[in-house]
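Each chain, written out:
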Amino acid sequence: MTDTINTRELIMNILLEMDREKTPCHLAVRDALDKYQFLPRQDRAFIKRVCEGTVEYGIQNDYIINQYSKIKINKCKPVIRAILRMSVYQIRFLDAVPDSAVVNEAVKLAEKKHFYNLKGFVNGVLRTIVREKDHLPMPKENNTTQYLSVKYSMPEFLVEEFVSQYGKETAETMMADFLKEKQVTIRINRWNNTIEETKKSLESQGAELEKAPYLGEAFYLKNFETIASLNAFQEGRFQIQDVSSMMAAHLADPKPGDQVLDLCAAPGGKSMNVALKLTDGSVEARDLTPLKTQLIRENIARLGLDNISVKEWDARVSDTASKESADIVLADLPCSGLGIIGRKPDIKYHTDIEKIEQLASLQREILTVVQEYVKPGGTLVYSTCTISRPENEENAAWFEKNFPFIREGSAKQLLPGIDGTDGFFMVKFRKKL
């Protein structure tokens, strides 16, 4: 059940599901590994890495395949396309797997799926790439957009956006960082719990902690089987959350007795972070769907917090009962997610300029409604996990111009590869008295 053929067939099926159903990579991999929990840790790690790597390097590997294939990759049958993509990733990036084994297993998989007439095609393309591995073709550097697109496996329109907004050097730094393996970042909950207690619990199960930057409660979690299997997680000693997201709760700076409204709150990381800082007062976490609100409730229960309530609510709809009721409103709004491409690589394939503009418009629609909930003198923290200026600085400037708020301090745009975090934007506004 755990032989290499079945492991690779499982990878192929995950890639096919992503292609067919547009299932995000991290969800497709998670669901498959949940289904096959009996697989050895080494096999699970292999499946995860090949699936994620195949998506991350999709544009680059497709370009290479197209140089050596008489059939362009997008014209191939879905099964053959998946086999070629996963195999080229292994040939190029997994030194522990012999190239001959990758080619042989790819041919066997094509045969198993009844593509007998394409076995020779798969074999020929992959063997040529193996032979040319040390000097594979790339676009000419004078065609800057195409060259950077292939080099960093980034759609051309996003290359142009990043370069125009941040300059070529910063854009390249960000795009290179997206291709690096991302660590799991956790926030240790220092309520009824200490860093040392959490560390001891994790180490008893073979897991390790390494300090993350900026905040005392931020750590990288290493050497674990699954998050859910860790006693420290089940006991609510920590929450998975990037440092950038933790910083938004710090920026809110809640005071004793504050009433806090967190909109678009799922999975509830910021709500819980703020709740843990409140010696008095309360947090109401809202989101749009039963699925999302249930996720928040599960996390609250795991942490044992009693100062958070959850409400299903569409943030675009005005809630007259909440008008001027909140000392703090957290508005971490729906966005293009371009700052977390390093964690969710398929984001880059499923967006375009029109979608970014629609999201910027949605953010303004929500801000127009939720600013009413802030008490005079109260705080609104606007944040997104993107690096797209129309969704960030441009919307912040629009908000300040149109509503009775002033900025408190300057906006913070965190950039991947530069700030040691995901791409994240946050700005704090104070409502005029």
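Residues numbered from 1 in each chain as written. Predicted model: local features only at pLDDT ≥ 70, side-chain atom pairs only at ≥ 80, totals over all residues. Heavy atoms only, no water.

### Focus: the environment of leucine 305
Looking at where leucine 305 falls in the secondary structure, it is placed in the loop between α15 (290-303) and β7 (308-312). Judged by its relative accessible area of 11%, leucine 305 is buried. (Helix = DSSP H or I, 4+ residues; strand = E, 2+ residues; numbered from the N terminus. Buried < 20%, exposed > 50% of the residue type's maximum accessible area, 1.4 Å probe, protein only.)

### Observations regarding the packing of helix α5 (residues 78-93) against helix α6 (residues 99-112)
Remark: α5 packs on α6, axes separated minimally by 10 Å, with the N-to-C direction vectors making an angle of 170°. As summarised for this structure, α5 and α6 are arranged roughly antiparallel, according to the angle between their axes. Here Ile80, Ile83, Met86, Ser87, Gln90 and Ile91 of α5 come into contact with α6, specifically with Asp99, Val102, Val103, Ala106, Leu109 and Ala110. A class-by-class count of the residues in the contact of α5 with α6 yields nine nonpolar, two polar and one charged. (Axes fitted to C-alpha atoms, helices over the stretch in contact; angles between N-to-C directions. Parallel < 35°, antiparallel > 145°, perpendicular 65-115°, else oblique. Contact = heavy atoms within 4.5 Å. Nonpolar A, V, L, I, M, F, W, Y, C, P; charged D, E, K, R; others polar.)

### Regarding the nonpolar core
In terms of nonpolar packing, the biggest core is built from 68 residues, with Ile14, Ile80, Leu84, Val122 and Phe162 touching the most fellow members. For this core, the leading source of residues is α5, giving nine residues. Dropping the residues within four chain positions of it, isoleucine 14 is found in contact with Ala28, Val29, Ala32, Ile47 and Cys51. The next biggest cluster of nonpolar side chains, apart from the first, holds 24 residues, and it includes Leu263, Ala315, Tyr373 and Phe403. (Core = buried A, V, L, I, M, F, W, Y, C linked by side-chain atoms within 4.5 Å.)

### Brief notes about empty space enclosed by the protein
What the rule picks out here adds up to one cavity of 30 Å³ or more. Put simply, the largest cavity is a space of about 40 Å³. Lining the largest cavity we find Arg8, Ile83, Met86, Ser87, Gln90, Val102, Glu105, Ala106 and Leu109. Taken together, the elements giving at least two residues each to the lining of the largest cavity come down to α5 and α6. Class assignment of the residues belonging to the lining of the largest cavity gives a composition of five nonpolar, two polar and two charged. (1 Å grid on protein atoms, 1.4 Å probe; cavity = no way out; pocket = protein on both sides within 12 Å on 5 of 7 lines; lining within 4 Å. Points joined across faces, edges and corners; volume = space filled by probe spheres on them.)

### A closer look at the sheet that holds strand β1 (residues 184-188)
Strand order across the open sheet formed by four strands is β2-β3-β1-β4, with antiparallel pairing between neighbours. At either margin of the open sheet sits one strand with a lone partner, and together these are β2 (208-211) and β4 (238-240). Each adjacent strand pair in this sheet contributes to an overall mean axis angle of 40°, direction not counted. Note: β1 against β4, three bridges, orientation antiparallel. (Pairing = 2+ DSSP bridges.)

### Here's the deal with the layout of surface pockets
Quantified by volume, the second largest pocket comes out at close to 550 Å³. Every residue lining the second largest pocket is counted, 22 residues in all, and those nearest its centre are Asp19, Gly58, Asp62, Arg85 and Tyr349. For the lining of the second largest pocket, the secondary-structure elements that each account for two or more residues are α1 (4-21), α3 (41-56), α4 (58-68) and α5. Here the lining of the second largest pocket takes five residues from α4, the largest share from any one element. Tallied by class, residues from the lining of the second largest pocket come to 10 nonpolar, six polar and six charged.

### Describing the pairing of β2
Sheet topology places β2 next to strand β3 (residues 218-222); four bridges connect them, and they run antiparallel. Across the sheet, the residue bridging to lysine 211 is phenylalanine 219, located in β3. Where β2 folds back on β3, the antiparallel hairpin that results is connected by six residues, among which tyrosine 214 adopts a positive phi of roughly 80°.

### Concerning the confidence of the model for the protein chain
Here the protein chain averages 95 in pLDDT, while 99% of its residues score no lower than 70. With pLDDT under 50 throughout, residues 1-5 is counted as low confidence; its partners more than four residues away or in other chains account for 12 contacts. (pLDDT = per-residue confidence, 0-100.)

### Overview of the environment of isoleucine 73
Here isoleucine 73 lies in the loop between α4 and α5. For the pair isoleucine 73 and asparagine 61, spaced 12 residues apart in the sequence, the C-alpha separation amounts to 9.8 Å. Apart from the residues within four sequence positions on either side, isoleucine 73 is in contact with Asp62, Ile65, Asn66, Arg81, Leu84 and Arg85.

### Digging into the environment of isoleucine 308
Relative to the helices and strands, isoleucine 308 resides in strand β7. A residue is classified by how much of its surface remains accessible, and isoleucine 308, at 12% relative accessible area, is buried. Here the alpha-carbon distance between isoleucine 308 and lysine 211, two residues 97 residues apart in the chain, equals 28 Å. Aside from chain neighbours lying at most four places away, what touches isoleucine 308 is Ser271, Met272, Ala275, Val283, Ala285 and Ile300.

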